[in-house]
Amino acid sequence: MVVVVDSENENDNVNDEMTTMLVRESSSNFASINGNDSKEGDVGVCLPLLPDDPSTGNAWDYQWNDVEEPEPTIFPVYPVERYKTVLAFCLMFCCTCFNGAVAALITDLVPRTPMPDVVFKFVPEQKWAWQVSDTLTMLLSLTHIIVVLIHKHRWIMARRFCLISSQLYLLRGVCMGVTWMAVPGKYHASRCVQPASIEEYWSTVIIRVSRFMLSLGLSAGTEGDEILCGDLLYSGHTLMLVLTWYSIDIHVPLKKCRPLRLAACMVTFSGMIFIVMCRMHYTVDVLLAFMLTTVYFFAYYAYLLIFRHKFWRGYALTAFWLLPLVEYFEENVPKTKLPRVLEWPFDRPKAIKKFVKQLNN
């Protein structure tokens, strides 16, 4: 067996720090392993080597230590950057308006005959679940707002939430506009708004969008209230439930707020079940919303981790179009985990301030 080590410049950023080991077998030995068709000089193994850690002399220890960074005992300074949070909020508002505009435009075009759904086949339509799903969504959203207000780094937490939700609502608006799904249930179809006349079409669309924004996308209301139909693919209620659950779960203290984290999880999955039971959405709408929200949320936070690496621009995640947004909004934020620290933003009442402080212990 002959071992040849070639040193090549495989990456402009790495230069001489990466080498490639090429292990070549002689024709007799290589043929005995890989069959008689193998030719002399075929490459057996190609392994990239990382630069050795000076303290251990082990390349793989160097890589592992670069990933597993211990928790800092002294938290770094986190810049507030309120203007970026306001910008992220405006972006979320625009994407939400885009959702309402698409829903208002297609509500007269979607079919009223429900499509087949495996859950609909075995579970009858439950009108009461509509009100419950809206209530759970509002409850978890209000809880998230409270958590943001009492978090020590509330501006960063709010900014990240607005950015992720804006991208998800933008994608949702595109999906609704290109695929018009039929109304899922009879009760849903009975509450659809009346078709707009040609003479007053655009004024009617503007009124519909305004009502959509004022209602925050919630559609329970009273029995006779009309709603927009066609905003199905994918579920906006599920999007908000999952996103607020994840945001609460990774920002509140682990021990003292464990009941809150568990309750947020239970409310999320209960709300998803009720959404399908009341025929507000098809099962696929809920599943897609859950998966896409999960991917977007953890992809965003994955970027915050890879920025800690010296050669992060060579990673596969950098090809994702979300990267420029993350780079701009997170450029001054320390490349560490956001501390799970709560802090009452006011001096009074002192009892609440003391209670919030005790949650960190």
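Look up a bit, the structure's there.
The notes below deal with the structure included here.

What counts and how
- Residues numbered from 1 in each chain as written.
- Predicted model: local features only at pLDDT ≥ 70, side-chain atom pairs only at ≥ 80, totals over all residues.
- Heavy atoms only, no water.
- Axes fitted to C-alpha atoms, helices over the stretch in contact; angles between N-to-C directions.
- Helix = DSSP H or I, 4+ residues; strand = E, 2+ residues; numbered from the N terminus.
- Left-handed = near helix turned anticlockwise from the far one by under 90°.
- Contact = heavy atoms within 4.5 Å.
- Nonpolar A, V, L, I, M, F, W, Y, C, P; charged D, E, K, R; others polar.
- Polar contact = N/O pair within 3.5 Å; in protein donor to acceptor, adjacent residues only side chain to side chain.
- Phe/Tyr/Trp six-rings, centres within 6.5 Å; stacked < 30°, edge-to-face > 60°.
- Lys NZ or Arg CZ within 6 Å of the ring centre and 35° of its normal.
- Parallel < 35°, antiparallel > 145°, perpendicular 65-115°, else oblique.
- Salt bridge = Lys/Arg side-chain N within 4 Å of Asp/Glu carboxyl O.
- Buried < 20%, exposed > 50% of the residue type's maximum accessible area, 1.4 Å probe, protein only.
- Disulfide = S-S within 2.5 Å.

## Considerations on the packing of helix α5 (residues 128-150) against helix α9 (residues 236-251)
Running from N to C, α5 and α9 cross one another at 30 degrees; their axes reach a closest spacing of 9 Å. Note that α5 runs across α9; the crossing there is left-handed. Where α5 abuts α9, its residues Asp134, Leu136, Thr137, Leu140, Ser141, Thr143, His144 and Val147 lie against His237, Met240, Leu241, Thr244, Trp245, Ser247 and Ile248. The residue makeup of the contact of α5 with α9, split by class, is seven nonpolar, seven polar and one charged.

## Considering the side chain of Ser133
Checked against the element boundaries, Ser133 lands in helix α5. Within the structure, the side chain of Ser133 is placed 2.8 Å from the backbone oxygen of Trp130, a separation counted as a polar contact. Beyond its immediate chain neighbours, meaning those up to four positions away, Ser133 contacts Gly271, Phe274, Ile275, Cys278 and Met280.

## Notes on the environment of Met291
Tracing the chain through its elements places Met291 in helix α11 (residues 283-306). For the pair formed by Met291 and Val242, sequence separation is 49 residues and the distance between their alpha carbons is 9.4 Å.

## Concerning the packing of aromatic side chains
To describe a pair of aromatic rings, one takes the distance between the centres and the angle between the planes. All told, the structure shown has 12 aromatic pairs when counted by the stated rule. The interplanar angle of 70 degrees and the centroid separation of 5.7 Å between the aromatic rings of Trp344 and Phe346 together place this pair among those described as edge-to-face. Taken together through their ring pairs, the aromatic side chains of Trp245, Tyr246, Phe269, Phe290, Phe297, Phe298, Tyr300 and Tyr301 make up a single cluster. A cation over a ring is seen here: Lys84 above Tyr328, with NZ or CZ 4.8 Å from the ring centre.

## Quick look at the packing of helix α6 (residues 154-178) against helix α12 (residues 323-330)
In contact at an axis separation of 12 Å, α6 and α12 are set at 165 degrees when each is read in the N-to-C sense. Accordingly, the angle class assigned to the pair α6 and α12 is roughly antiparallel. When you trace α6 past α12, the crossing you get is right-handed. Where α6 approaches α12, its residues Arg159, Arg160, Leu163 and Gln167 are matched on the opposing element by Leu325, Phe329 and Glu330. Of the residues belonging to the contact of α6 with α12, the class tally is three nonpolar, one polar and three charged.

## Section: the pattern of salt bridges
The full count for this structure, using the stated rule, is seven salt bridges. Among the ionic pairs, Glu331 bridges to Lys84, the shortest N-O distance being 3.4 Å. Of this pair, Glu331 sits in the loop between α12 and α13 (350-358) while Lys84 sits in helix α3 (residues 82-106), placing them 247 residues apart in sequence. Classification of Glu331 as partly exposed rests on a relative accessible area of 46%. Taking relative accessible area as the criterion, Lys84 reaches 0% and is therefore assigned buried. Overlapping salt bridges bring together Glu81, Lys84, Arg159 and Glu331 as one network.

## Structural notes on the state of the cysteines
Throughout the structure, instances matching the rule amount to one disulfide. A sulfur-sulfur distance of 1.7 Å marks the disulfide that ties Cys192 to Cys229. Where Cys192 bonds to Cys229 through sulfur, the torsion about that S-S bond is close to -100 degrees, and the disulfide is left-handed. Linking Cys192 in the loop between α7 (186-190) and α8 (201-214) with Cys229 in the loop between α8 and α9, this pair joins segments that are 37 residues apart in sequence. Accessibility assignment for this pair places Cys192 and Cys229 in one class, buried. Free of any disulfide, Cys90 has its nearest neighbouring cysteine sulfur in Cys94, separated by 6.7 Å. Cys94 carries a free sulfur, and the closest cysteine sulfur to it, the one in Cys97, is 6.4 Å from it.

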